[in-house]
Amino acid sequence: MNFKITVLSGDGVGPEVMAEGLKVLAAVGSKYGHNFKLENELIGGVAIDRTGSALPAETLKSCKKADAVMLAAVGDPRFDDPKLPVHPEDGLLALRKGLGLFANLRPVKVFDELVNASTLKPEVLKGTDFIFVRELTGGVYFGKPKKEWMTPKGRKATDSMTYSEQEIERIVRVGFELARARKKRLVSADKANVLKSSRLWRQVAIEVSRDYPYVALTHALVDACAMQLIRPPTAFDVIVTENLFGDILSDEAAQLAGSMGMLPSASLAGIPVSGQPTFGLYEPIHGSAPTIAGRDIANPVATILSVAMMLRYSMGLETEALTIEHSVDKILKQGYRTDDIMASGNTRVGTRKMGDLIAAEV
Ligand code: IPM
Ligand code: MG
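First, a word on scope: everything that follows refers to the structure included in this document. All residue numbers here refer to positions counted from 1 along the written sequence of the relevant chain. Key to labels: chains lettered from A, ligands numbered from 1, both in the order written. For a predicted model such as this one, the threshold for reporting local features is a pLDDT of at least 70, and the threshold for listing and counting side-chain atom pairs is 80 or more; totals across whole chains, interfaces and linings nevertheless cover every residue. Side-chain numbers come from the whole structure's heavy atoms, not from hydrogens or water.

### What about a positive patch on the surface?
Right, on to step 1. Patches in this entry comprise residues that are over 30% relatively accessible and not in a salt bridge; like charges within 9 Å are linked, as are nonpolar side chains (Val, Leu, Ile, Met, Phe, Trp, Tyr) within 5 Å. Calculation of accessible area relied on Shrake-Rupley with a 1.4 Å probe; when residues are assessed, cover is drawn exclusively from the protein chains displayed. The rule for a salt bridge is simple: a side-chain nitrogen of Lys or Arg has to be within 4 Å of a carboxyl oxygen of Asp or Glu. The charge count includes Lys and Arg as positive and Asp and Glu as negative, but it does not include His or the ends of the chains. In plain terms, the charge of a residue is placed at NZ if it is Lys, CZ if Arg, CG if Asp and CD if Glu. A contiguous patch of positive charge on the surface is contributed by Lys4, Lys37, Lys61 and Lys65.
Right, on to step 2. In DSSP terms, a helix is any run of H or I states spanning at least four residues, a strand is any run of E spanning at least two, and both are numbered starting from the N terminus. With respect to the helices, strands and loops of the structure, Lys37 is situated in strand 2 (residues 35-40).

### With respect to the nonpolar core
Right, on to step 1. Core analysis: the biggest nonpolar cluster contains 67 residues, and Leu105, Met310, Leu311, Met315, Ile324 and Val328 have the highest contact counts within it.
Right, on to step 2. Any two residues having at least one pair of non-hydrogen atoms within 4.5 Å are treated as being in contact. The contacts of Leu105, once residues within four sequence positions are left out, are Ile131, Phe132, Val174, Leu178, Pro264, Ser265, Ala266, Leu268, Met309 and Tyr313.
Right, on to step 3. Take the buried residues of types Ala, Val, Leu, Ile, Met, Phe, Trp, Tyr and Cys, join any two whose side-chain atoms come within 4.5 Å, and each joined set is a nonpolar core. The buried label applies to any residue whose accessible area, calculated with a 1.4 Å probe on protein chains only, is under 20% of its type's maximum; exposed applies above 50%, and partly exposed to all values in between. One finds Val187, Ala189, Cys225 and Ala254 within the second-largest nonpolar core, a separate group that totals 23 residues.

### Looking at the pairing of strand 3 (residues 68-73)
Right, on to step 1. Counting buried residues in strand 3 gives 6 out of 6 residues, a clear majority hidden from the surface.
Right, on to step 2. For two strands to pair, DSSP has to find at least two bridges joining them. One ladder, built from 5 bridges, connects strand 1 (residues 2-10) with strand 3; its direction is parallel. Opposite Ile5, over in strand 3, you have Ala68 as the bridge partner.

### Topic: the site of ligand 1
Right, on to step 1. One heavy atom suffices: a residue is near a molecule or strand as soon as one of its heavy atoms comes within 4 Å of it. With respect to spatial proximity, the complete set of residues near ligand 1 consists of Glu89, Arg96, Arg106, Arg134, Tyr141 and Asp247.
Right, on to step 2. Interatomic distance of 2.8 Å between a side-chain N/O atom of Arg134 and an oxygen atom of ligand 1.
Right, on to step 3. If ligand 1 stood free it would expose 320 Å²; the protein chains cover 74% of that surface.
Right, on to step 4. Residue classes follow a fixed rule: Ala, Val, Leu, Ile, Met, Phe, Trp, Tyr, Cys and Pro count as nonpolar, while Asp, Glu, Lys and Arg count as charged, and any other residue, Gly among them, counts as polar. Here the residues of the shell around ligand 1 sort into 1 nonpolar, no polar and 5 charged. Polar contacts, as used here, are pairs of N or O atoms within 3.5 Å; protein pairs need one atom able to donate a hydrogen and one able to accept it. Residues neighboring in sequence count only if both atoms are side-chain atoms.

### What about the pattern of salt bridges?
Right, on to step 1. According to the stated counting rule, one finds 22 salt bridges in the structure shown.
Right, on to step 2. Between Arg96 and Glu283 there is a salt bridge whose closest N-O contact spans 3.8 Å. Placement of the pair is Arg96 in helix 4 (residues 88-98) and Glu283 in strand 12 (residues 280-284), with a sequence separation of 187 residues.
Right, on to step 3. A relative accessible area of 8% places Arg96 in the buried class.
Right, on to step 4. You can call Glu283 buried: its relative accessible area is 6%.

### Things to note about a negative patch on the surface
Right, on to step 1. Together, Asp80, Asp81, Glu89 and Asp90 line one region of the surface with negative charge.
Right, on to step 2. With respect to the helices and strands, the residue Glu89 is situated in helix 4.
Right, on to step 3. Residue Glu89 is classed as partly exposed on the basis of its relative accessible area of 40%.

### Let's talk about the side chain of Arg312
Right, on to step 1. Tracing the chain through its elements places Arg312 in helix 10 (residues 301-313).
Right, on to step 2. When its relative accessible area of 18% is taken as the criterion, Arg312 is described as buried.
Right, on to step 3. Beyond its immediate sequence surroundings of up to four residues, Arg312 is in contact with Leu317, Glu318, Ala321, Leu322 and Glu325.

### As for the packing of helix 6 (residues 165-180) against helix 7 (residues 196-209)
Right, on to step 1. At a minimum axis distance of 9 Å, the contact between helix 6 and helix 7 shows a crossing angle of 50°. The orientation of helix 6 with respect to helix 7, classified from their angle, is oblique. The handedness of the crossing between helix 6 and helix 7 comes out as right-handed. Residues Glu165, Ile168, Glu169, Ile171, Val172, Arg173 and Phe176 of helix 6 form the contact with helix 7, whose own contacting residues are Ser197, Leu200, Trp201, Val204, Ala205, Val208 and Ser209. Simply put, an axis is a line fit to the C-alpha atoms, just over the touching stretch for a helix, and the angle between two N-to-C directions goes from 0 to 180 degrees. An angle counts as roughly parallel when it lies under 35 degrees, as roughly antiparallel when it exceeds 145, as roughly perpendicular when it falls between 65 and 115, and as oblique in every other case. In this scheme the handedness of a crossing depends on how the near helix is turned from the far one: anticlockwise by less than a right angle means left-handed, clockwise means right-handed.

### Some points on the packing of helix 1 (residues 14-32) against helix 11 (residues 318-333)
To describe two helices that pack against each other, one gives the angle between their axes and the distance between the axes.
Right, on to step 1. Where helix 1 contacts helix 11, the two axes come as close as 11 Å, and the packing angle between them is 130°. Considered as vectors, helix 1 and helix 11 are oriented oblique to each other. For helix 1 against helix 11, the interelement crossing comes out right-handed. Together, Val24, Val28, Lys31 and Tyr32 of helix 1 and Thr319, Glu320, Thr323 and Ile324 of helix 11 make up the contact between the two elements.
Right, on to step 2. When the residues that make up the contact of helix 1 with helix 11 are grouped by side-chain class, the tally is 4 nonpolar, 2 polar and 2 charged.

Here it is as structure tokens:
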């Protein structure tokens, strides 16, 4: 089959890990006879340098014509000053909004071989396999008013956590659709003891649950959920939550997997109903890691696993996705490790070598 992919390598380690993701994608293409047509575009700090914008119009246009988008990382310390008019992260937020990517899927799977890479006890971690469904285009990230202003007593600033019932319904449905194909347990994390938007969220979740009588829905307050995530994480199957809560919980959960370098993500523009392909953007959950950029030490596994998610959710290629996931598993079993997950007795490899090994295994 033929597919068009827009490739956004971005900043820092982005180009390095992207190269390995594309290497593995090419291996899948030649094994299964698919043709992936790639278009490279700018985003983030590199885009600001060359065009003045963190998301040039051409990039958005290319993404809209593609079957899927692959992104590596945005972020550059040269733009850290909050007073600057434009930041690399603006490009990512504008892209999510511009492409309508409301559903962010972040699977957290602890590989048996890596149970010792985390700061948590192996017996707590073993068997951890759940997925976050984070709302990505609403809530406090985008709600209006959002501003800073001057008052007689000094400066004030506000952000607004706003949700419509339609926004809540579609994201909760994504949670149910994933849960029905997994262990049929959905946790909705909110702050309904305090926030109006969470009370609406909870009501809508209960209404949607009537369409999924075979999925067990439970509600958790987000603070308690943060605690339960580490005692023990194996209790979870699917967790659906709003934008900022999902941002925070998913970083916490990354520590379960030992390294952010292991975790992929998908951001979808539609509800994935029984394997039907839907447009999406695929990226590792880690950032641009500027301190290790250009040194061939970044872990490319998260990007490679993001390629697998793209094949699964935007192309309907489940077998091909599983081939990548099994290949990653196999290479880890053979003891190959990048710096971030290195332990005694393992074989240390660089970014490129890790990509070579996984591509060859495919
Ligand atoms: C993430 C990141 C982004 C977010 C930043 C870079 C804007 O932390 O994808 O989790 O907050 O959504
Ligand atoms: Mg985050």
